Amino acid sequence: MKQLHVNLFEMACVSHIVHGMWRAPGNNRHRYSEMEHWLETAKLAEAGLFDAVFLADVIGTYDRFGESNDAALREAVQIPNLDPLLLVPAMAAVTKNIGFGVTFSTTYEPPFAFARRMGTLDLLTQGRVGWNIVTSYLRSAAQNFGLDDEIPHDERYAIADEYMDVLYKLWEGSWDDNAVLKDAAAGIYTNPSAVRSINHTGPNFRVAGPHLVEPSRQRTPLLFQATGSSAGLEFAARHAEVVFIGGRTTEEVRRNIAKTREQAVAHGRKPDDIRFIVMAGIIVDETDALASKKLEHYRRYYSVEGALVHAQAEIDLRRYDVNERIGDVLLREGQSFGNMGRRFRPDQTIGSALKQIASFDEGRFFVVGSPTTVADQIENWLDVDGIDGINLRQYHSFDTARDFISLVVPELQQRGRYRTAYTPDETLRERLFEPGRARLPAYHFGARYRDPQNLTAPAAPLFSSLPFSKAS
Ligand SMILES: Cc1cc2nc3c(=O)[nH]c(=O)nc-3n(C[C@H](O)[C@H](O)[C@H](O)COP(=O)(O)O)c2cc1C
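Here the structure is a predicted model, which means the values were calculated and not measured.

1. Focus: the pattern of salt bridges
The final tally for this structure, using the stated rule, is 36 salt bridges. For Asp 51, the salt bridge is made with Arg 419, and the minimal N-O distance between the two is 3.1 Å. Pair noted here: Asp 51 is in the loop between helix H1 (35–47) and strand E2 (52–56) and Arg 419 is in the loop between helix H14 (399–414) and helix H15 (428–432), with a separation of 368 residues, a long-range link. Ionic pairing is found between Arg 196 and Asp 176, a salt bridge with its closest N-O pair at 3.0 Å. Here Arg 196 is found in the loop between strand E6 (188–190) and strand E7 (200–201), whereas its partner Asp 176 is found in the loop between helix H6 (153–173) and strand E5 (180–183), with 20 residues between them in sequence. Classification of Arg 196 as buried rests on a relative accessible area of 17%.

Okay, here's the thing in structure tokens:
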């Protein structure tokens, strides 16, 4: 019977996704800048037998709503924030099993330095790190790295594909497993013939190598990705091992999962080589009634303005008649339906959009209720939608995680749907897949560089033409 994988869905900032909640009494969000806060977070997640603490990240500001950073700063929407990679060693030092998923963009910082950072983290954590691959979607991020505007979407994925090529060459191909000898008698620490330069030359990167970090247990960290576009799905089919999937209905979720599996098979992988995780909102209490009361309590703090900032809304919905349709207002205001199109339909009324925002309702994977109500839903998500796990959204730190751990985990364990202990000494990849699978499978694209011959044979770029469309 399938068991549920759970990541604590976090971000090193005050207001990650449930905006306004930082004002709720007892919420610890304001302690995001204290080391102790993250040590507590990691220990709590480990006590709950979670798979990992998953840290989102952005390297720019949400400056579209109101055409400035003012609202984002007032509402603390992902600013101020901290670099998530720097939290991992501290959290790893006070835990033994919990994994760490960290977000890093392939668009702005060179791959060689990132390869070293992740190699360092995989060594220090004994193989407990994963990487959430993003190409970054904020114009302000581009402007923080010398550009006027974002690089076009599909081009970012083409750059990301070459980025992965460089990383695999460094992580998988530069050092042999038996390179480090530590032979004090002979005075040889590393066998020079077991380490090689990678001499990568490509359209975006030139990297000589060798990698500076000796092989770690996973070599390549567990690869997470969230996507919905055709270029993103093609990239996931070649690279990703854990994909954040979505869908408004069970049918849509199942279709998206099937499509992603198919594309992975087209890239020489197996249908089961990808685990599917959704963002889930779970508000639980002893009874359904108490859980609904908790939801009402939380709703009082929710910030519609914070949600509009995060959606990079082109218009302030609150300024229009609730019966007007969003599409008509945008047209009249000469605005595109770009950002808001990700959450609303053009024929939706302003009133229904505001209600959707304020309702907390995050669609398909949102449940409020007793442990039984929640566990019933989770079993549905596992067996009917076909997902493998959830990123547990934090409404209140640390009540949301504590409620889940004390009320939902025992219920799921009783049903055989949740681990009762960690497998000692397992890597994060083994936890998501199976014992013995600490590294990328031999047929994964990244493993090709374990054969030094391939270091000199350039890989076929993923996209033969841009913008990418499946037909091409
Ligand atoms: C669960 C989840 C977590 C995400 N975390 C981040 C993040 O931390 N930083 C970021 O820049 N984008 C993040 N994204 C956005 C994705 O990286 C990506 O831009 C988005 O899914 C759209 O992909 P597409 O353009 O290929 O459809 C996240 C998306 C999801 C669903």
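There's more to say after this.
2. So, the pairing of E2
Across the five residues that make up E2, a large majority, five, are buried. Burial of the side chains of E2 extends over both faces: Ala 52, Phe 54 and Ala 56 are buried on one face and Val 53 and Leu 55 on the other. Looking at chain direction, strand E1 (residues 5–11) and E2 are connected through five bridges and run parallel. Following the sheet pairing, Met 11 is matched in E2 by Ala 56. One crossover worth recording links E1 to the parallel E2 by way of H1, and it is right-handed. Taken together, the four bridges between E2 and strand E3 (residues 99–105) define a ladder with parallel strand orientation. Pairing of Leu 55 across the sheet is with Val 102, part of E3.

3. With respect to unusual backbone geometry
Residues Gly 209 and Pro 210 are joined by a peptide bond in cis, for which omega reads 0 degrees. Locating Pro 210 in the fold gives a position in the loop between strand E8 (206–207) and strand E9 (222–226). That bond from Ser 397 to Phe 398 is cis: its omega, 15 degrees, falls within 30 degrees of zero. With respect to the secondary-structure elements, Phe 398 resides in the loop between strand E13 (389–393) and H14. Here Ala 76, not a glycine, exhibits a phi torsion of approximately 55 degrees, which is positive. When you line up the elements, Ala 76 lands in the loop between helix H2 (70–75) and helix H3 (88–93). Of note in this structure, Ser 136 is not a glycine but carries a positive phi near 75 degrees.

4. Things to note about the domain arrangement of the chain
Domains assigned within the chain are domain 1 (5–299 + 364–454) and domain 2 (303–359). The straight-line distance from the C-alpha centre of domain 1 to that of domain 2 is 30 Å. In this assembly, 17 residues from domain 1 lie in contact with 15 residues from domain 2. Carbon and sulfur atoms make up 56% of the area that domain 1 and domain 2 hide from each other, which totals about 1300 Å². Taken as a group, His 19, Tyr 62 and Phe 65 account for 44% of the area that domain 1 buries against domain 2, more than any other trio of residues on that side. Across the pair Arg 74 and Glu 305 runs a salt bridge, and its minimum N-O distance is 3.3 Å. Our count for the domain 1 to domain 2 interface comes out at seven residue pairs in polar contact (both at pLDDT 80 or more). Per-element tally for the side of domain 1 that touches domain 2: the top contributor is H2, with four residues. The class makeup of the residues in the side of domain 1 that touches domain 2 is eight nonpolar, four polar and five charged.

5. Structural notes on the site of the ligand
By nearness alone, 16 residues border the ligand, and Asp 57, His 153, Tyr 157, Thr 227 and Ser 229 come closest of all. Between the ligand and the protein, one listed contact pairs an oxygen atom with a side-chain N or O atom of Tyr 157 at 2.6 Å. A distance of 3.3 Å separates an oxygen atom of the ligand from a polar backbone atom of Ala 226. Its residues assigned to classes, the shell around the ligand shows eight nonpolar, seven polar and one charged.

6. Description of the side chain of His 5
Inspection of the secondary structure assignment puts His 5 in strand E1. Within the local environment of His 5, its side chain forms a polar contact with the side chain of Asp 51, the two groups lying 2.7 Å apart. The contacts of His 5, once residues within four sequence positions are left out, are Asp 51, Asp 388, Gly 389, Ile 390, Arg 419, Arg 431 and Leu 432.

7. Re empty space enclosed by the protein
For the structure on display, the rule yields four cavities of 30 Å³ or more. Estimated volume of the largest cavity: approximately 90 Å³. Residue lining of the largest cavity: Phe 9, Glu 10, Val 14, Ser 15, His 16, Ile 17, Val 18, Met 21, Trp 22, Arg 29, Gln 394 and Tyr 395, and that is the complete set. There is about 60 Å³ of room inside the second largest cavity. Lining the second largest cavity are Gly 119, Trp 171, His 211, Val 213, Glu 214, Pro 215, Ser 216 and Arg 219. Considering only residue class, the lining of the second largest cavity consists of three nonpolar, three polar and two charged.

What counts and how
- Residues numbered from 1 in each chain as written.
- Predicted model: local features only at pLDDT ≥ 70, side-chain atom pairs only at ≥ 80, totals over all residues.
- Heavy atoms only, no water.
- Salt bridge = Lys/Arg side-chain N within 4 Å of Asp/Glu carboxyl O.
- Helix = DSSP H or I, 4+ residues; strand = E, 2+ residues; numbered from the N terminus.
- Buried < 20%, exposed > 50% of the residue type's maximum accessible area, 1.4 Å probe, protein only.
- Pairing = 2+ DSSP bridges.
- Right-handed = clockwise from strand over helix to strand, strands pointing away.
- Domains from an automatic or database assignment.
- Contact = heavy atoms within 4.5 Å.
- Buried area = accessible area lost by both parts, 1.4 Å probe.
- Polar contact = N/O pair within 3.5 Å; in protein donor to acceptor, adjacent residues only side chain to side chain.
- Nonpolar A, V, L, I, M, F, W, Y, C, P; charged D, E, K, R; others polar.
- Near = heavy atom within 4 Å.
- 1 Å grid on protein atoms, 1.4 Å probe; cavity = no way out; pocket = protein on both sides within 12 Å on 5 of 7 lines; lining within 4 Å.
- Points joined across faces, edges and corners; volume = space filled by probe spheres on them.

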